[in-house]
Amino acid sequence: MGKPKHLTNKQNPFAKKKRNNKAKSAEQPEPARREKPYESIVPENESFEAYYKHQQVCDESEWPLFMEHLRSSLPVTFRITGSKAQAKLLLKITKESFFAEYDRAVRELRKDEEGGHVEPPRSLEWYPNELAWQLELSRKDIRRSEPLFRLHNFLISETNSGNISRQEAVSMIPPLVLDVQPHHKVLDMCAAPGSKTAQLIESLHGSDGAKIPSGFVIANDVDNNRCYMLVHQAKRLSSPCFMVTNADSSTFPVLQISQPDGTIAPLKYDRILCDVPCSGDGTMRKNPDIWTKWSLNQANNLHGLQHRILKRGAELLAVGGKLVYSTCSLNPIENEAVLHRLLKQSEGALELSECANLLPSLKYRKGMTYWEPATKDLKYYKTFADVPENQRTVVRPDMFPPSAEEAIEKYHLDRALRILPHHQNTGGFFIALLEKKKSLPWEAAAAEEAAREEEKRKEQTAASSGPPSKKARYMRGFKEDPFVFFEQNEEVFDSIKRFYQLDEAFDAKNFLTRCRVGKKKNIYFCSPAVRDVVQLNEKRIKFINLGVKSFVRCDNRNMQCEFRLASEGLASVNGFIGKQRRVTVDPEDLIKLLSCTDPTKPPEISSLTEGTQENLKNFDSGCCILECQLGDLPMATVGWKGTLSLRAYVDQHDTVHLLRLLGGDLSKFEKNKFQDKLLAEEAADDPEENGATVERKEEADTEEKIRVEISSAE
C-alpha cells in the first residue's frame, strides 16, 4: 500500500485552483513538497483524536494501544512471489540464509536492549503457504544495520527480479478476498502504484502451468504519470495477460469483447478491485505528514467521488461477479456511508458478503452500523434534519447511517472489515466484498442508450466518405506508440517460426510491435483475449502498455534468424518452442555461465561437464533455451551457443536470483556499504593506503561496468 492515491485537480474536490500560471499545467501539477522532515513531525492532532473517539472506532479500553501503534513506525513486510515451485525454494533459502542470523543482528542494532526479547520474523498467518512475512523492524532499522546488510541486499535484488514484493501487510488483503482465477476478466479501477495489481496478476497465473490463462487483468489509473508506475511494477511479472489503461475510473467506458460465437458484446468483469482515492489516515505510520494535514473536510469532500467510482464498478461487474471496495482510511464517511448509499440504490442487486472466513486468524473489527457525520469544526448530527442550511453542502443526506435494524439485517454493514494498527501491528485499512446478484435497476436503460449510441456511430462511419473522423475521446498525457499486431502472413514471423520450431497451434496474430514502419526492433507477445480487447477498443480508451517483450532483433551475419529470445518473455513463449532450440545443461555449468562477468569471454564449451558437452554436439549456433533440473524444480533461461562457447543471456537481477536458487557464489554481487565507508575512512587517515583504496574503487567500477554491459546486451 502506497501513499493516499494521487488526485488530479479534476478529481480533487478540495484542490486550490491555480490561475495565471502558464508555466505549471493543471493537468500535471507539481508534486507537493513536504513542509517538514518526518523526524520533526509531532504525531498529534486533537481533531483526529476527538473525531475517532466520538465515532468509537475502537473500544475505549483499546484506545491507548491504538494511538501508541499509530505513532510508531511500520514493520517491514514482504511477499514471496513467482511460480509455486520457485517460491517454495526461495522461502527455504530465506529462512536458512537470512533469518538464522536475525536475532543476533537485531541485538546488535539495539545494544541498549541486550538480554531482552527479540521478536523473530513471523509469517502472516492469514496469508497462504507462509509466503508473506513481517519483520518487527522499520525500513530505516534495516538500512542502518551492518549485520542486516545481506538481508537488505536480498530484499532489494529479489524485488527487482520480481520474486519478492515489498508491500504493506494490509495492502495484501483486497486481492486475496477477490479470489481471482485464471479464467477471470479482472479490472483494477484505481491501480497505481500497483502492488495490489501485481497480486491480481499472480493469482491469474496461479495454476502454475505452462498454459496461458484465458482471463486478463486491466489496470487503470486516471493519472497518466502514475500509469507508468503500473508498467514498472507489472513488468517484473512478465504477464501476456495484462493491460494498463489511462481513464477516469468514475466514467470508465464500456469496452467491447468477442463472444465464443463470434458476436461482439459489452465487456463485463468477473472481478473488480475498487481501491479508491481516500484521505489516507490509515497510513499515518508511513506518512507522518498526515498528522499535520488531517481534516474532516477531506473525507466529506471525497465521499461523492468514492461513490461514483464504486457505482461505476458495480455497473461494469458481471452478474455473479465480485467487487472489493477498499480504502486506507478509517472514516465511516468514506467507507460504510459509501457502501450504504450504493446498496440502497441497488435495491437488492448488490449484497455485502462475508469475507473474514477467507482470512483465517486475521484480527479485525466489524463494519460500523452507526456513525454521526460532522462538519470541519466537529459539530455532529444524528439526522439530516438537524443540519443547518449553511452546512447542507458539506454534510449531505447520503452520509447518514440506516436504522440499526436495516444496517445489519438489510445491508449487512457488519460484514465489512476495519483493520486497526494495534490488531496485528499494521496500518489501518477497510475492506468490503460485494457480490452482484442481478442487474442494477438502471442498467437496462443505460444499455439501451449505449446501444443507440453505438448504432448511431456505425451509421455515421458507414455514411462517411471523407477522411476518418477524429477520436471522440480526448486522450490526455503522453502520446503512445501504436500497437501493431502481426498479420497471419507476416514475413518476419516465418523466419522465427522456422528457426525456433514454433508449435503449429501458435497464432502469429498474438505478436505485436510498437512501430508501423521501419525495421521491427522488439516483438511483444500477448494472449488472444488481450489482443481481442485492444483491437476492439483502441478508440474507446487509451492503452498505455500491454504484451511481454519476447524477441529482440540481433543483427549478426552468421544468424539463421534475425531475432533472439528476450529473457523476460521466455515464460510466455517457452511452451511453443521446439526441442531443436533447447539444450540441457548441468546445474554446475549453469552456475559457471551465470557467474561469467566478462561478456567478451564466455565459457568455452570444452570447459563444461561431459554431459553438457554431449548435449551440445551437432547443436546449431545461435539463440537457445538452457534447461536445467534442480531437484523437482525445472529451470530455463535464454542462452547463446557460439562456435566454441556458450553464454547465458540474463540481466543482473535475474542472474543473482538464479545463482541464489542454484547455490552459487554471490559475493561479487554483494555490496556492503558499511565496509565501503570503513575503507574510505581508513584511506583518509592513512596516506599510503589512499592509493590502494582508489585502486579498489577502480576495480569495483570496472566490475560494475561489466555488469552494465551484460545488462545492455539484453
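Residues numbered from 1 in each chain as written. Predicted model: local features only at pLDDT ≥ 70, side-chain atom pairs only at ≥ 80, totals over all residues. Heavy atoms only, no water.

1. A few points about the nonpolar core
- By size, the foremost hydrophobic cluster in this structure holds 162 residues, and its most contacted members are F216, Y269 and L546.
- Per-element accounting of this core gives the leading share, 7 residues, to helix 11 (residues 296–316).
- Apart from the residues within four sequence positions on either side, L546 is in contact with F242, M243, F483, F485, L512, C526, V530 and V534.
- Core analysis: the next-biggest nonpolar cluster, separate from the first, contains 26 residues, F486, V573, W640 and Y649 among them. (Core = buried A, V, L, I, M, F, W, Y, C linked by side-chain atoms within 4.5 Å. Buried < 20%, exposed > 50% of the residue type's maximum accessible area, 1.4 Å probe, protein only. Helix = DSSP H or I, 4+ residues; strand = E, 2+ residues; numbered from the N terminus. Contact = heavy atoms within 4.5 Å.)

2. Quick word on the sheet that holds strand 25 (residues 646–648)
- Overall, mixed pairing links the 4 strands, which are arranged 22-23-24-25 in an open sheet. Two strands bound the open sheet, and with one partner strand each, they are strand 22 (582–584) and strand 25. Sheet twist, expressed as the average angle between the axes of neighbouring strands with direction ignored, equals 40°.
- Strand direction decides the pairing type here: strand 23 (residues 622–630) and strand 24 (residues 633–641), joined by 9 bridges, are antiparallel. Across the sheet, Q629 pairs through a bridge with P634, a residue of strand 24. (Pairing = 2+ DSSP bridges. Axes fitted to C-alpha atoms, helices over the stretch in contact; angles between N-to-C directions.)

3. Digging into unusual backbone geometry
- In this structure, P193 follows A192 across a cis peptide bond, with omega equal to 10°.
- Its place among the elements puts P193 in the loop between strand 5 (185–188) and helix 8 (195–204).
- Despite not being glycine, H412 has its phi angle at roughly 55°, a positive value.
- Among the secondary structure elements, H412 is positioned in the loop between helix 13 (404–409) and strand 14 (417–419).
- By relative accessible area, which is 16% here, H412 ends up buried.

4. Focus on the UniProt feature "binding site: S-adenosyl-L-methionine" (unreviewed entry) in the chain
- In the UniProt entry, the feature "binding site: S-adenosyl-L-methionine" (unreviewed entry) is given for C190, A191, A192, P193, G194, S195, K196, D221, D248 and D275.
- Tracing the backbone shows A192 in the loop between strand 5 and helix 8.
- Structurally, the position occupied by D221 is in strand 6 (residues 216–221).
- By relative accessible area, which is 4% here, D221 ends up buried.
- With sequence-adjacent residues up to four places away left out, D221 is seen in contact with M189, C190, A191, A192, R226, C227, L230, T245, N246 and A247. (UniProt positions renumbered as here; feature names shortened; annotations may be inferred.)

5. A few points about the environment of A318
- You can see A318 is positioned in strand 11 (residues 317–327).
- For A318, a relative accessible area of 16% corresponds to the buried category.
- Once the C-alpha coordinates of A318 and K268 are considered, the two residues, 50 residues apart in sequence, prove to be 4.9 Å apart.
- If near-sequence neighbours (up to four positions away) are discounted, A318 is found in contact with K268, Y269 and K436.

6. Points about the side chain of H69
- One can find H69 in helix 2 (residues 63–70).
- Here H69 falls in the buried class, since its relative accessible area comes to 17%.
- Here H69 is in contact with R285, P421, H422 and N425, once residues within four sequence places are set aside.

7. A closer look at the packing of helix 3 (residues 84–98) against helix 6 (residues 149–160)
- Viewed as axis vectors pointing N to C, helix 3 and helix 6 meet at an angle of 160°, and their least axial separation amounts to 11 Å. Considering the angle they form, helix 3 stands roughly antiparallel to helix 6. For helix 3 against helix 6, the interelement crossing comes out right-handed. Contact residues: helix 3 offers L90, T94, S97 and F98, while helix 6 offers R150, L151, F154 and E158.
- Among the residues forming the contact of helix 3 with helix 6, the class breakdown is 4 nonpolar, 2 polar and 2 charged. (Parallel < 35°, antiparallel > 145°, perpendicular 65-115°, else oblique. Left-handed = near helix turned anticlockwise from the far one by under 90°. Nonpolar A, V, L, I, M, F, W, Y, C, P; charged D, E, K, R; others polar.)

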